[in-house]
Amino acid sequence: MVARFGGDEFAVLSEHLTRREDAADLAERINRTLAEPFTFAGQEIHVSASIGIAVTDDPLTNAEVLLRDADAAMFESKDHCRGGGGYQFFTTAVREQAVSRLAVETELRQALGRGEFRLVYEPVYDLRRRRPVGMEALIRWRHRHRGLLAPADFIEVAEDTGLIIPIGRWVLSEACRTLARWNRLRGSEKPGFTMAVNLSARQISDPTLVGDVADVLHRFDVEPRRLCLEVTETAVHDAPLSADGVLGGLSALGVRIALDDFGTGYSSLRHLRRVPVDILKIDRMFVNGLDQPGEDRAIIGAVIAMAHSLGMTTVGEGIETEAQYAQLLELGCDLGQGYLLSQPLPPEQFADIYVGA
Ligand code: C2E
Ligand code: MG
Ligand code: MG
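On a predicted model such as this, the values are computed, not experimentally measured, just so you know.

Peer 1: Which residues make up the overall build of the protein, and what values go with them?
Peer 2: Each helix and strand in the protein was counted, giving 14 helices and 15 strands. In terms of overall size, the protein behaves like a compact globule, its C-alpha atoms giving a radius of gyration of 23 Å where 357 residues would be expected to give roughly 21 Å. Principal-axis analysis of the C-alpha atoms places the extent of the protein at approximately 75 × 45 × 40 Å. Burial analysis of the protein (357 residues in total) assigns 42% to the buried set. Sequence-distant contacts in the protein: of pairs separated by 6 or more residues, those separated by 24 or more amount to 64%. For the protein, the exposed surface amounts to about 19000 Å²; the carbon and sulfur share of it is 53%. Side chains of the protein give 38 positive and 52 negative charges; the mean places of these two sets differ by 7 Å.

Peer 1: So what's going on with the coordination of the magnesium ion (ligand 3)? Residues and values would help.
Peer 2: Looking at the magnesium ion (ligand 3), the protein donor atoms are Asp260 (OD), Asp261 (OD), Glu317 (OE) and Glu317 (OE), and they sit 2.0 to 2.6 Å from it. The magnesium ion (ligand 2) is placed at 4.1 Å from the magnesium ion (ligand 3), the two being bridged by Asp260. Here Asp260 is found in strand β12 (residues 256–262), whereas its partner Glu317 is found in the loop between β14 (313–316) and α13 (322–330), with 57 residues between them in sequence. By relative accessible area, Asp260 is classed as buried at 5%. The class for Glu317 is buried, based on a relative accessible area of 10%.

Peer 1: Tell me about the coordination of the magnesium ion (ligand 2), and please be specific about residues and values.
Peer 2: Note on the magnesium ion (ligand 2): its protein donors are Glu136 (OE), Asn198 (OD1), Glu230 (OE) and Asp260 (OD). The metal-donor distances range over 2.0 to 2.2 Å. Mapped onto the polypeptide sequence, the residues donating to the magnesium ion (ligand 2) form the spacing pattern E-x61-N-x31-E-x29-D. With relative accessibility at 28%, the residue Asn198 sits in the partly exposed group. Among the residues examined, Glu230 registers a relative accessible area of 2% and is labelled buried.

Peer 1: So what about the pairing of strand β2 (residues 9–12)? Which residues, and what values?
Peer 2: Strand direction decides the pairing type here: strand β1 (residues 2–6) and β2, joined by 4 bridges, are antiparallel. The residue of β2 that forms the bridge with Ala3 is Ala11. Between the end of β1 and the start of β2, which pair antiparallel, lie 2 residues, with Gly7 showing a positive phi angle near 55°.

Peer 1: Which residues make up the environment of Pro347, and what values do they have?
Peer 2: Within the fold, Pro347 resides in helix α14 (residues 347–355). Taking the relative accessible area as the measure of exposure, Pro347 reaches 24% and is therefore partly exposed. Along the backbone, Pro347 and Arg118 are 229 residues apart, and their C-alpha atoms lie at a distance of 9.3 Å. Once you skip the residues sitting within four places of it in the chain, Pro347 turns out to touch Leu119, Tyr121 and Trp182.

Peer 1: Hey, could you go over the domain arrangement of the protein for me, with residue numbers and the actual values?
Peer 2: When its domains are assigned, the protein resolves into domain 1 (2–90) and domain 2 (117–355). Computed over C-alpha atoms, the centres of domain 1 and domain 2 are 35 Å apart. Counting residues at the interface gives 6 residues for domain 1 and 6 residues for domain 2. Counting the contacts that link domain 1 with domain 2 gives 0 salt bridges. Here domain 1 and domain 2 share 0 residue pairs in polar contact (both at pLDDT 80 or more) between them. A breakdown of the residues in the side of domain 1 that touches domain 2 according to their chemical character gives 1 nonpolar, 2 polar and 3 charged.

Peer 1: Tell me about the packing of aromatic side chains, and name the residues and values.
Peer 2: Summed over the entire model, instances satisfying the criterion amount to 11 aromatic pairs. Arranged with centres 6.4 Å apart and planes meeting at 80°, the rings of Tyr87 and Phe89 form a pair that is edge-to-face. The class for Tyr87 is partly exposed, based on a relative accessible area of 27%. Arranged with centres 6.3 Å apart and planes meeting at 65°, the rings of Tyr121 and Phe350 form a pair that is edge-to-face. Of this pair, Tyr121 sits in strand β7 (residues 117–126) while Phe350 is found in helix α14, placing the two residues 229 residues apart along the sequence. On the basis of relative accessible area, Phe350 is assigned to the buried category, the value being 0%. A network of ring pairs unites the aromatic residues Tyr121, Tyr125, Trp182, Phe193, Phe350 and Tyr354 as a single cluster. Here the guanidinium or amino end of Arg130 rests over the ring plane of Tyr325, the centre of that ring lying 4.3 Å away.

Rules behind the numbers
Residues numbered from 1 in each chain as written. Chains lettered and ligands numbered in written order. Predicted model: local features only at pLDDT ≥ 70, side-chain atom pairs only at ≥ 80, totals over all residues. Heavy atoms only, no water. Helix = DSSP H or I, 4+ residues; strand = E, 2+ residues; numbered from the N terminus. Rg over C-alpha atoms; globule rule 2.2 N^0.38 Å. Buried < 20%, exposed > 50% of the residue type's maximum accessible area, 1.4 Å probe, protein only. Contact = heavy atoms within 4.5 Å. Areas by Shrake-Rupley, 256 points an atom, 1.4 Å probe, with all protein chains shown as cover. Lys, Arg positive; Asp, Glu negative; His and termini not counted. Charge placed at Lys NZ, Arg CZ, Asp CG, Glu CD. Donors = N, O, S within 2.8 Å, 3.2 Å for Na, K, Ca; no water. Pairing = 2+ DSSP bridges. Domains from an automatic or database assignment. Salt bridge = Lys/Arg side-chain N within 4 Å of Asp/Glu carboxyl O. Polar contact = N/O pair within 3.5 Å; in protein donor to acceptor, adjacent residues only side chain to side chain. Nonpolar A, V, L, I, M, F, W, Y, C, P; charged D, E, K, R; others polar. Phe/Tyr/Trp six-rings, centres within 6.5 Å; stacked < 30°, edge-to-face > 60°. Lys NZ or Arg CZ within 6 Å of the ring centre and 35° of its normal.

Pasting the structure below:
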């Protein structure tokens with residue numbers, strides 16, 4: 001029996017399997033079938049599934065428990081195999097994962113009200129002048145018991161639960177408030193900073209985002225071109241087509257759009273046409289590769305040339321060594337950020353070092 005379970009979730013009930021391997025075979029067959037591209041409205045469409053498997057031979061196990069376990073295993077499969085195409089059996093380790101996920105979810109719901117989120121700011125440099133021209137806001141969660149948590153520890157849960165929407169609103173507003181304050185402090189003789197804020201797939205699928213951004217810009221009197229909104233290729237890929245309208249709306253406000261982690265996600269040059277991209281951020285993985293012999297230098301060179309011919313600005317991410325800096329500069333990369341220049345800093349520290357400078 002195959003049933004749509006809600007949203008993009010489907011359940012398959014198979015009562016005639018005798019061995020675990022049969023369930024694995026079935027999952028592989030489903031994934032293989034789904035992997036075949038098909039054409040819809042003139043576009044080639046690729047879909048994939050993350051499959052969780054729960055098995056029982058106990059007649060007392062009810063449907064609710066089986067579905068819950070399969071659901072937890074499905075999340076596990078999603079984690080292991082980003083982009084789908086994998087499957088995972090339910091195990092006790094999966095149960096523990098699910099319990100900890102639930103704990104994060106519960107606490108995440110309260111964190112915003114308790115004011116537990118912080119933003120740290122990573123300076124972005126003009127590589128040629130070696131001078132900061134702006135910063136990227138990065139979220140941190142000051143957890144009551146677990147200390148300071150990085151986005152990797154909670155952003156995915158925030159996405160899956162939709163909590164990213166209110167959290168994202170807070171990030172946007174806090175970042176713009178800070179930007180306005182710092183640019184005021186810098187005065188009109190010094191060039192203003194630009195603030196970059198990260199958006200998730202869920203946020204760019206939310207049609208109220210354009211209005212929210214317009215409101216925040218107005219509330220803090222921030223020039224639209226001083227705000228840069230970063231989306232990853234994967235987020236653009238995962239978001240429904242309506243996201244194109246949202247990104248178009250943002251671009252029409254005069255806000256800049258950056259394609260983050262370029263070259264790592266579902267890279268498709270098609271995204272560059274679909275989305276109004278102003279800035280390409282070359283992922284740390286390639287910048288890192290500049291230290292070893294290999295093709296990364298050629299790839300970065302080609303990406304920069306392509307970006308420039310499309311009128312885009314390029315940013316090198318995760319610069320850790322002088323050698324990487326020098327090579328990016330030589331390849332014509334415009335901006336850069338990374339631990340060589342500075343770690344992400346709490347606002348007080350950022351202001352001390354950069355705002356007066
Ligand atoms: P990202 O936007 O690509 O941000 C850059 C990440 O690389 C940051 O990690 C930063 O601390 C780290 N980084 C910077 N320079 C270096 C370096 O030289 N070496 C190394 N090894 N790492 C460096 P962080 O803060 O953990 O953020 C991870 C990701 O989480 C971000 O990647 C972004 O995609 C996401 N994120 C952060 N803040 C937010 C937010 O407010 N909303 C959403 N939706 N996502 C966020
Ligand atoms: Mg970013
Ligand atoms: Mg990045």
